[in-house]
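As a plain string of letters, each chain reads:
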Amino acid sequence: MATSSTSPETLTALHNKATQLRIESVRATSEAGSGHPSSCCSAADIVAALFFSVMRYDPKNPKAPNSDRFVLSKGHAAPLLYAAWAEAGLFPKSDLLKLRTLASDLEGHPTPRLPFVDMATGSLGQGLPVGIGIALNAKYVDKLTHRTYVLMGDGESVEGSNWEAAEVARHHKLDNLCAIVDVNRLGQSDPTMLQHDMEAYRSRWSGFGWHAVVVDGHDIGALVAAFDEAARTKDKPTVLLAKTFKGRGISFMENSPSWHGKPVAKGEETQKAIDELTKQLKPNGAALSIPKPSVAPAASAAVSALPQTPYKVGESAATREAFGVALEALGAVNPHVVALDADVKNSTYSDKFGKKFPNRFFENFIAEQNMLGAAAGLAACSKIPFVATFAAFFTRAYDFIRMAAISQSNIKLVGTHVGVSIGEDGPSQMGLEDIAMMATQPGVTVLYPSDGTSTYRLVELAANHKGMVYLRAGRPKAPVLYSADERFQIGGSKVLRQSASDVLTIVGAGVTLFEALKAYDQLKAAGIAVRVIDLYSIVPIDRTTLLDSARATHGRILTVEDHYAHGGLGDAVLSAVGAEGIKVHKLAVRVIPHSGKPDELVDHFGIGARSIVEAAKQIVK
């Protein structure tokens, strides 16, 4: 590893910055009465070197174009991050004493309520995937020269998402990405697996194709030299494996296993720690100046509407295929749209976009966690990421979805191959809990189109909507119901069949809408008039239409869905109208399903036209 050419005076000044960051972290957590000062102290030299020597950024404008980006994956060290930005001059140091209070956005773990945070962290193993998204955007989409730095803890190195990320970063040759592992040896309840076996860390990261540099994490000169080496390394990402000690600089805390997540007691103990740290400040340091970012090229911002839908009434199309058609069309009219895949692009039809816009399409292979994290990173760079995979496979990345929701990330998720209607592949491939999973997260819009036209238009609405969207798409082909001039809106629905004599409202979406229409014909022949609603927007829901229809049909609603009974379309309808005394009857998949032909499965598991007719007759009896 190269040695530092940094002057002794500058190194002294950086040492003092690190010491000051420790002091502020201790003071803030002591005032709060909670927090992780020991984890802040181990990484203080790393953060000081980055913020006051290495990174190019505008201290008054964290999101300035082409600024180097910093992601704190070990989110419990948030006080250190806040102290660094206060030390840089973004806000007064006095604000640090409001840490973890309701009156302050300096929360226990960082969230994007703060202008210098790209993604909420704290659920470990997510920072590196987010950093990959930011680095992908810089290298391949916007062609920017800024670098991305991700500070990780050694405990979170065990998380599988990090090794997904390691593979993907190597594959995409992200030489603008630098990870730093704060190897402080101690986890929350035990020492870490490898403790200070730095050669084991080096061999693992090197084996994943990274340029791995072992460095003394408390030697600022060595850190600056290592960051310089990382910047010179081409065609592969770099990881700095920094050997550190938890609680560094405070003798009664340093390298002690009993200080994780424990603040220094307010009063005499706090003063003792601050006095010890203050004595470590050195005289005669140089004045430090933060390097400014270079000017970024102007980004294209021209966006136009999608052309007319290619689908005609009476044709047949799978909604997953209509998604691919719409995504490809979006790529041509909106330069902010990007897409991510996890080796199913020929099933979700996102390959249409990938073939046409390869610099905006990112293959993650079978690494759904990294795909979600990278999408959040791209969204933090003002892109509109569409993430498509089988709905069932989103479950393995659900923690990333949860954290993206906390971050109010502008990502668009498309789950295909939903429900028993996928057929022979069996229950492991059937998305049957996805509506519940997505709808429970605050601020997430859930859309469920039934035909090619509605899918095409709802994909456009998803792209234009600010916030997280989940769109549910099916595998089987279905008739096109809507003409090209039909209009849709988030929070809307369509009443497809109605009369003044209706005695029951039937609500469906996707494959069950067509079963409801078949049931309508059979019930009509039996002299029973029913109303049929296409509930294409589940969250937000069209409460007005549901209530009006229910009141017109004797207060009765029957929902039918290709989803488990709990948390799906039926529960969404019940939540919307139940307080008004409306009776909601639910048909849903209530057992673990089986392989079979799509039509026979829909019928066998009680969500087909036969079951709808039987239920309707029983309800109105």
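The structure this text deals with has already been given above.
What you see is a predicted model, and the numbers here were worked out from it, not measured in a lab.

A. Representation of the nonpolar core in the model. Counting 79 residues, the largest nonpolar core has Trp 205, Leu 372 and Leu 413 as the members making the most contacts within it. Ignoring anything within four residues of it in the chain, the contact list for Leu 372 reads Val 387, Phe 394, Ala 397, Phe 400, Ile 401, Ile 411 and Leu 413. Residues Leu 21, Val 117, Val 215 and Ala 230 belong to the second largest nonpolar core, which totals 52 residues.

B. Structural view of the packing of aromatic side chains. Under the definition given, this model contains 20 aromatic pairs. Between Phe 51 and Phe 70 the ring centres are 5.3 Å apart and the planes differ by 70°, which places this aromatic pair in the edge-to-face class. You can see Phe 51 sitting in helix α2 (residues 37-54) and its partner Phe 70 sitting in strand β1 (residues 69-72), a full 19 residues away along the chain. Accessibility assignment for this pair places Phe 51 and Phe 70 in one class, buried. A ring pair is formed by Tyr 140 and Phe 362, whose centres lie 6.3 Å apart and whose planes are at 55°; its orientation type is tilted. Separated by 222 residues along the polypeptide, Tyr 140 in helix α4 (residues 127-141) and Phe 362 in strand β8 (residues 361-363) bring together distant segments of the chain. A network of ring pairs unites the aromatic residues Phe 51, Phe 52, Tyr 57, Phe 70, Tyr 82, Trp 85, Phe 91 and Phe 116 as a single cluster. A cation sits over an aromatic face here: Lys 17 above Phe 52, 4.9 Å from the ring centre. A cation over a ring is seen here: Arg 472 above Tyr 448, with NZ or CZ 4.9 Å from the ring centre.

C. Quick look at the sheet that holds strand β19 (residues 583-589). Strand order in the open sheet formed by 5 strands is β14-β16-β15-β18-β19, and the pairing between neighbours is mixed. Each edge of the sheet is formed by a strand with only one pairing partner; in this case those strands are β14 (494-497) and β19. Direction aside, neighbouring strands of the sheet carry axes that sit 25° apart on average. Pairing between strand β15 (residues 504-508) and strand β18 (residues 556-564): 3 bridges, direction parallel. Bridge pairing in β18 links Val 507 to Thr 559. On the sheet, helix α17 (residues 543-552) packs against β14, β15, β16 (530-534) and β18 and is oriented at approximately 170° with respect to β16. Its contacts with the sheet place helix α18 (residues 569-577) against β15, β18 and β19, and it is angled at close to 145° to β18.

D. Spatial organisation of the pairing of strand β7 (residues 337-341). Counting buried positions over the 5 residues of β7 gives 5, a clear majority of the element. Residues Val 337, Ala 339 and Asp 341 of β7 are buried on one face, and the alternating residues Val 338 and Leu 340, pointing to the opposite face, are buried as well. Pairing between β7 and strand β9 (residues 384-390): 5 bridges, direction parallel. When the sheet's bridge partners are listed, Ala 339 is paired in β9 with Phe 386. Where β7 and β8 come together, 3 bridges link them in parallel fashion.

E. Geometry of the environment of Gly 35. Positionally, Gly 35 belongs in the loop between α1 (8-32) and α2. Each C-alpha atom of the pair Gly 35 and Ala 78 lies 8.7 Å from the other, and the pair is 43 residues apart in sequence. Those residues in contact with Gly 35 that lie beyond four places of it in its chain are Thr 29, Arg 100, Gly 261, Lys 262 and Pro 263.

F. Inspection of the pattern of salt bridges at higher detail. Enumeration according to the criterion identifies 35 salt bridges in this entry. Across the pair Lys 266 and Glu 31 runs a salt bridge whose closest N-O atoms are separated by 3.1 Å. With Lys 266 in the loop between β5 (238-243) and α8 (268-278) and Glu 31 in helix α1, this residue pair connects regions lying 235 residues apart in the sequence. A residue is classified by how much of its surface remains accessible, and Glu 31, at 39% relative accessible area, is partly exposed. One salt bridge connects Lys 98 with Asp 95, and the closest N-O pair in it is separated by 3.7 Å. Residue class for Asp 95 comes out partly exposed when judged on its relative accessible area of 23%.

Criteria and thresholds
Residues numbered from 1 in each chain as written. Predicted model: local features only at pLDDT ≥ 70, side-chain atom pairs only at ≥ 80, totals over all residues. Heavy atoms only, no water. Core = buried A, V, L, I, M, F, W, Y, C linked by side-chain atoms within 4.5 Å. Buried < 20%, exposed > 50% of the residue type's maximum accessible area, 1.4 Å probe, protein only. Contact = heavy atoms within 4.5 Å. Phe/Tyr/Trp six-rings, centres within 6.5 Å; stacked < 30°, edge-to-face > 60°. Helix = DSSP H or I, 4+ residues; strand = E, 2+ residues; numbered from the N terminus. Lys NZ or Arg CZ within 6 Å of the ring centre and 35° of its normal. Pairing = 2+ DSSP bridges. Axes fitted to C-alpha atoms, helices over the stretch in contact; angles between N-to-C directions. Salt bridge = Lys/Arg side-chain N within 4 Å of Asp/Glu carboxyl O.

By themselves, these observations are geometric and do not establish any function.
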